[in-house]
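# A closer look at the structure
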Amino acid sequence: MKRITAIALFVLANLVTVGSVSAQDRTLQAVVPFDFTVGNKLLPSGNYTIALETPFLIVIQNSAKYIKLMATTTPDGKKSEIGKLVFTRYGNQYFLREILSLSTQNSVELRTSKVEKRARMQQATRQSDQQTVVAQK
């Protein structure tokens, strides 16, 4: 019984070590020139580090502004030539939508928050209220 416990602890220790090494490969640094929203949290522009902790969880951090938050994601299997952040814009509001990586395993999509859904509805309402004028001949 002690042998099985020792083997299990050895395997667990190796998995933790491998996880921390590969986590370094799943980090993206970006300068975001505008304020943006992740989930229900508005983040100021600045330098951000985004780490893929698991295929379903990211950590977004701005050390200079003492910001650190976690967000749930869904793997999307897309691939990019360079790592990049994809934002959706409604009016003057930006929402982090997707994180694309060189590896298809590290590309993820963020879930649509209530704040983003509300902004989308407001934008659709504004656009439908606009008048279109057509000149007569």
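The preceding data block contains the structure.
The present account deals with the structure reproduced in this document. (Residues numbered from 1 in each chain as written. Predicted model: local features only at pLDDT ≥ 70, side-chain atom pairs only at ≥ 80, totals over all residues. Heavy atoms only, no water.)

## Overview of the pattern of salt bridges
For clarity, the threshold we go by: When a carboxyl oxygen of Asp or Glu is within 4 Å of a side-chain nitrogen of Lys or Arg, the pair counts as a salt bridge. Think of it this way: any DSSP run of H or I at least four residues long counts as a helix, any run of E at least two long counts as a strand, and we number them from the N terminus. Throughout, exposure labels follow a simple rule: accessible area from a 1.4 Å probe, protein chains only, divided by the maximum for the residue type, with under 20% read as buried, over 50% as exposed, and the rest as partly exposed.
Scanning all chains against the criterion turns up 2 salt bridges. Between Glu-98 and Lys-78 there is a salt bridge whose closest N-O contact spans 3.2 Å. Of this pair, Glu-98 sits in strand E8 (residues 93–100) while Lys-78 sits in the loop between strand E6 (67–75) and strand E7 (84–90), and the two are 20 residues apart along the sequence. Looking at Glu-98, the relative accessible area reads 7%, which means it is buried. You can call Lys-78 partly exposed: its relative accessible area is 43%.

## Let's talk about the packing of aromatic side chains
Quick note on the threshold: Only rings of Phe, Tyr and Trp enter the pairing, Trp through its six-membered ring, and a pair is recorded when the two centres are within 6.5 Å. The plane angle decides the type: under 30 degrees is stacked, over 60 is edge-to-face, the rest tilted.
Within this structure, the stated rule accounts for 5 aromatic pairs. Plain terms: the ring middles of Phe-34 and Tyr-94 are 3.9 Å apart, the flat faces sit at 25 degrees to each other, and that makes the pair stacked. Here Phe-34 is found in the loop between strand E1 (27–32) and strand E2 (36–38), whereas its partner Tyr-94 is found in strand E8, with 60 residues between them in sequence. The class of Phe-34 is partly exposed, set by a relative accessible area of 21%. Seen in terms of ring centroids, Phe-36 and Tyr-48 are 5.2 Å apart; in terms of plane orientation they differ by 75 degrees. Their pairing is edge-to-face. In this pair, Phe-36 sits in strand E2 while Tyr-48 sits in strand E4 (residues 46–54), placing the two residues 12 residues apart along the sequence. Both residues of the pair, Phe-36 and Tyr-48, count as buried.

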